[in-house]
Amino acid sequence: MKNKTTSVFLNTITNYARYFIHIGVIVVILPYIVHKLGKEAYGLWGLVLSTVGFFGFLDMGFSTAVVKYVAQYSGNDDREKLTEFSSTLQFLYWAIALVVALATTALAYKFTSLVQLPVKLAEASFWVVLSLGLRSAFNFPFSFYRGVLIGYQKMYFVNIVKISELLSNGILTFFILNQGYGLREMALTTLFVSLSHYAFIMFYSTSKYAHVKFCYANFKFSLLKEVSSFGIFAFAINISVMLLTRTDILVVKYLLPLSAVAIYTIGLKLSDYTIGFSKQFVNALTPLVARLNGAKNKEALERVFLKGTKFSLLISQPIVLGLTWYSPIIIYSWLGTGFEEAVVVSRILLLTSLLTLMQASGSNVLAMTGKERLIAATTFTTALLNIFFSLLLGYYMGLPGIALATLVCALSIDVMIVIPRTLAHLSLSSKTYLKKAIQPVLPGTTTLLAILFLFKTLAPSSTLIGAVLRGGFAFSIYLPVCWFTALTKSEQENYKGKLSKLFQKIMSKLRSNNEKVSLCPKET
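Calculation criteria
Residues numbered from 1 in each chain as written. Predicted model: local features only at pLDDT ≥ 70, side-chain atom pairs only at ≥ 80, totals over all residues. Heavy atoms only, no water. Core = buried A, V, L, I, M, F, W, Y, C linked by side-chain atoms within 4.5 Å. Buried < 20%, exposed > 50% of the residue type's maximum accessible area, 1.4 Å probe, protein only. Helix = DSSP H or I, 4+ residues; strand = E, 2+ residues; numbered from the N terminus. Axes fitted to C-alpha atoms, helices over the stretch in contact; angles between N-to-C directions. Parallel < 35°, antiparallel > 145°, perpendicular 65-115°, else oblique. Left-handed = near helix turned anticlockwise from the far one by under 90°. Contact = heavy atoms within 4.5 Å. Nonpolar A, V, L, I, M, F, W, Y, C, P; charged D, E, K, R; others polar. Phe/Tyr/Trp six-rings, centres within 6.5 Å; stacked < 30°, edge-to-face > 60°. Lys NZ or Arg CZ within 6 Å of the ring centre and 35° of its normal. Expected span 1.5 Å × (residues − 1).

(A) Spotlight on the nonpolar core. Among the nonpolar cores identified, the biggest contains 58 residues, and Val 48, Val 66, Phe 85, Leu 89, Tyr 93, Phe 144 and Leu 183 are the most heavily contacted of them. When contributions to this core are tallied by element, the ones reaching two or more residues are helix H1 (2-37), helix H2 (39-53), helix H3 (62-75), helix H4 (79-114), helix H5 (119-151), helix H6 (155-178) and helix H7 (183-208). The greatest single-element share of this core, amounting to 16 residues, is contributed by H5. By size, the runner-up hydrophobic cluster in this structure holds 45 residues, among which are Ala 290, Leu 301, Leu 448 and Cys 482.

The structure is reproduced here in structure tokens:
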């Protein structure tokens, strides 16, 4: 269990590292790209990215199935199934890659006749479509090798490679544009960087795990049908999530002026980034849940669900509460006046994100233990209800009504259905859930809110720096409170041991470097 805990710890840390580096690269390089290429050229880049992005629907949920079945078969040590599964999915993915590559080539030749473009961008459009389309094509087989590593709880390795890809692409893009090259060279560079990292992941997977090597004799059509059954529901979940997260904007545009879309988008982005940040921990648990399910270890699944819920809330609530409390200052400092309604929208959507994260571990457990149909049905139902209530409340209440509809759906479906079904699936009582997953979080929540309220009463601030300093101080108190009230003695000892080992490794590395320096001959 210690090795599994270590893997989850490394997966979570590298998930967050990848997440922050991805945002950092975008923040740094995006203004430079727009400045060098111009709005029209960057608009073409965005248009092509959105167009080839539709190829992703061909995945049909198989990438999620790879993680589930690799973890499940390895969990019960079924090597024959692993070998058959690997060959079957590789055959499927390379077939999809071939179809996408052919479609990309045809689209590249016909793109200028389908889309009206300035003459100066016509030639570049061919290379942009071809490069980004082929990148999308090869991403299909790559997602198999990546899923294998994640299934074996080596998500940290995948994250490290992805971080390398992000940084390499950012640096090379900057260098190419700085040398006076344009859109075509940027697209070819992106393709080259991605393919090199794809090849590295493929080489590592096939050399590390013998069953990953493709053999046509191991292809099983019956197994493909079994995997497709899970994949279709995983695909339905992804489509439902897309509907749930994208339809609010369409409803806003339908009911209100275009300027209202910009206001609502601000609140939506704060909520999306919060969920994205907090779900990195839940995502790291996915292969572990599938592996434990394969090993029929129900007791361990219960622990993962309860601890996953607790730690998801411990991670997310300081961010949610801090952003909710200081959202007026953050939005005014970021965008200036004229976005007053965005404050109300952001606060409602941030609270909604907390409810979503409360059931995220439950959804994870259900989806990876044979209840994917339930998750697909609840997610799709939530999307439909959200559209209905958004139209109804948006008509009478405007932007706050549309945001409130999302909150109502999250409360009625996520909290009232998903969590109880998870408890029933794991044979857990509501009392156990409240005692082990929710109650430990409350002292930290109360402390955080009390400190923020005291600051507002005794030392209010209207500047972004003031809000950051006060939020940072509240968080510094929140951490030790959670350490002593939310973590059990065994959890405290476990994390003390990990931090101690990490410190010892760092000190050992520093001493080794110092010894090497001292052995170097001095110049005369």
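(B) Representation of the packing of helix H13 (residues 372-397) against helix H14 (residues 399-425). Running from N to C, H13 and H14 cross one another at 155 degrees; their axes reach a closest spacing of 7 Å. In terms of orientation, H13 and H14 fall into the roughly antiparallel class. Judged by the twist between their axes, the crossing of H13 over H14 is right-handed. Touching Leu 374, Thr 378, Thr 381, Thr 382, Leu 385, Asn 386, Phe 389, Ser 390, Leu 393, Gly 394 and Met 397 of H13 are Leu 399, Pro 400, Gly 401, Ile 402, Leu 404, Ala 405, Thr 406, Cys 409, Ile 413, Ile 417, Val 418 and Arg 421, all from H14. Each residue belonging to the contact of H13 with H14 can be placed in one class, and the counts come to 14 nonpolar, eight polar and one charged.

(C) Fine view of the packing of aromatic side chains. One pass over the structure, following the stated rule, counts 14 aromatic pairs. Ring centres of Phe 126 and Trp 127 lie 5.3 Å apart, and the angle between their planes is 85 degrees; this geometry places the pair in the edge-to-face category. By relative accessible area, Trp 127 is classed as partly exposed at 29%. Note on Phe 455 and Phe 473: the rings are 5.7 Å apart at their centroids and 80 degrees apart in plane angle, and the pair reads as edge-to-face. One end of the pair, Phe 455, is in helix H16 (residues 442-458); the other, Phe 473, is in helix H17 (residues 464-485), and 18 residues separate them in sequence. The class for Phe 473 is partly exposed, based on a relative accessible area of 43%. Each residue in the set Tyr 109, Phe 126 and Trp 127 is aromatic and connected to the rest through ring pairs, giving one cluster. Geometry around Trp 325 places Lys 456 over its ring, the cationic atom sitting 5.8 Å from the centre.

(D) Representation of H13 in the model. Compared with an ideal rise of 1.5 Å per residue, which puts 26 residues at 38 Å, H13 spans 35 Å between its outermost C-alpha atoms and is within 8% of the ideal. Those residues of H13 that fall on the buried side of the exposure criterion are Glu 372, Leu 374, Ile 375, Ala 376, Thr 378, Thr 379, Thr 382, Ala 383, Asn 386, Ser 390, Leu 393 and Gly 394.

Remember that the coordinates give geometry; whether it matters functionally is a separate question.
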